[in-house]
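# Coordinate inspection notes
One-letter residues, chain by chain:
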Amino acid sequence: MGRILVNPDTVLDTAQYGYSQGCIATGARRVIVSGQAAVDVHGRTVDTGLQGQTEAALANVERVLAAAGGTMDQLVLLRLYLCETVREDVGQVAGELHRRFPANPPPSSWIVVAGLALPEWLILIEAEAVLD
């Protein structure tokens, strides 16, 4: 099985940290998207609230999927890592997921963690998709 790495110029260049933004595994056309935070293409955190960070992280997932030739409708799994400090605010995350996926939402796992790579990050979202 081969693989094609996906690192679009519309999201942060993570090669400097030793990982790619996405990967297309040939054969089943499965796309795995690295954990996306609420950062712009320059690595700047774009929002300080949980709802805004959730929206921005999902937008980055969508950008990586688009670069791989996919759409959010092809997601087969989301993994959401939430900081312990926002544990009580998960309704904001659910609200954003309902807005993004009003019907047929992808399966997801929600994991509460002590912290993420940067102290201002509140959520990190990994995704997997299978392309047609």
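Residues numbered from 1 in each chain as written. Predicted model: local features only at pLDDT ≥ 70, side-chain atom pairs only at ≥ 80, totals over all residues. Heavy atoms only, no water.

The name given to the protein chain in an unreviewed UniProt entry is Enamine deaminase RidA, and the organism recorded there is Bordetella genomosp. 10. Looking at the protein chain in UniProt, the text filed under Sequence similarities (unreviewed entry) is "Belongs to the RutC family." (UniProt positions renumbered as here; feature names shortened; annotations may be inferred.)

### Digging into the overall build of the protein chain
Secondary structure assignment for the protein chain yields 2 helices and 6 strands. By its C-alpha atoms, the protein chain is 40 × 35 × 20 Å across when sized along the principal axes. When burial is assessed residue by residue, the protein chain has 45% of its 132 residues classed as buried. Expressed as a percentage of contacts within the protein chain between residues at least 6 apart in sequence, the contacts between residues at least 24 apart total 69%. Surface accessibility of the protein chain: about 7000 Å² in total, with carbon and sulfur atoms responsible for 52%. Each charge class in the protein chain can be summarised by its mean position, and for the 9 positive and 15 negative side chains these summaries are 6 Å apart. (Helix = DSSP H or I, 4+ residues; strand = E, 2+ residues; numbered from the N terminus. Buried < 20%, exposed > 50% of the residue type's maximum accessible area, 1.4 Å probe, protein only. Contact = heavy atoms within 4.5 Å. Areas by Shrake-Rupley, 256 points an atom, 1.4 Å probe, with all protein chains shown as cover. Lys, Arg positive; Asp, Glu negative; His and termini not counted. Charge placed at Lys NZ, Arg CZ, Asp CG, Glu CD.)

### A look at the environment of Gly52
Looking at where Gly52 falls in the secondary structure, it is placed in helix H1 (residues 50-67). You can call Gly52 buried: its relative accessible area is 12%. Here the alpha-carbon distance between Gly52 and Cys23, two residues 29 residues apart in the chain, equals 26 Å.

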